[in-house]
Amino acid sequence: MAFAPQDEEHYWVSLGIPRGRSVQKPEDMPYETKIGGSPAYLGPINVELPLCCPSCGRALPLVAQVYAPAESFPRALHIFGCIDDKCKHKKGSWRVLRS
């Protein structure tokens, strides 16, 4: 949904609407923005997986994958975070990878 600016107090607003459950495998969807699930990387990454929280040692689950192209360059951000309440504000409990 979007609306055109009428005057100085109105701005464009775009809302994403979910299309429903995908039948594709996560690794087949690197150009998708999504919340949770398995990451779909655009190419090889130079990080040892799985990512782990340095405080509790648990694997960091994917919080969100955001397709964020820069001009004509495809790019995705993968945001991981620890699910332990004791870790959420500690260094290393949140990680962002770019692919």
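Rules used in this analysis
- Residues numbered from 1 in each chain as written.
- Predicted model: local features only at pLDDT ≥ 70, side-chain atom pairs only at ≥ 80, totals over all residues.
- Heavy atoms only, no water.
- Helix = DSSP H or I, 4+ residues; strand = E, 2+ residues; numbered from the N terminus.
- Buried < 20%, exposed > 50% of the residue type's maximum accessible area, 1.4 Å probe, protein only.
- Pairing = 2+ DSSP bridges.
- Polar contact = N/O pair within 3.5 Å; in protein donor to acceptor, adjacent residues only side chain to side chain.
- Contact = heavy atoms within 4.5 Å.

A. Structural context of the overall build of the chain. Looking only at helices and strands, the chain features zero helices and four strands. Scanning the chain from its N terminus toward the C terminus, one meets helices and strands in the order β-β-β-β. Classification of the 99 residues of the chain by burial places 22% in the buried group.

B. How the structure looks around the sheet that holds strand E2 (residues 62-67). If you walk across this open sheet you meet the four strands as E1-E2-E3-E4, and the pairing is antiparallel. Edge strands, defined here as strands with exactly one partner in the open sheet, are strand E1 (34-35) and strand E4 (94-98).

C. Layout of the side chain of Gln65. Mapped onto the elements of the fold, Gln65 is located in strand E2. Overall, Gln65 belongs to the buried group, its relative accessible area being 0%. At 2.8 Å, the side chain of Gln65 and the backbone nitrogen of Ala40 are in polar contact. In contact with Gln65, other than residues within four places in its own chain, are Met29, Pro30, Glu32, Thr33, Lys34, Ser38, Pro39, Ala40, Leu77 and His78.

D. Unusual backbone geometry, seen in detail. In this structure, Pro50 follows Leu49 across a cis peptide bond, with omega equal to 0 degrees. Along the polypeptide, Pro50 turns up in the loop between E1 and E2. Located in the positive-phi region is Glu71, a residue other than glycine, with phi close to 55 degrees. Structurally, Glu71 is set in the loop between E2 and strand E3 (76-81).

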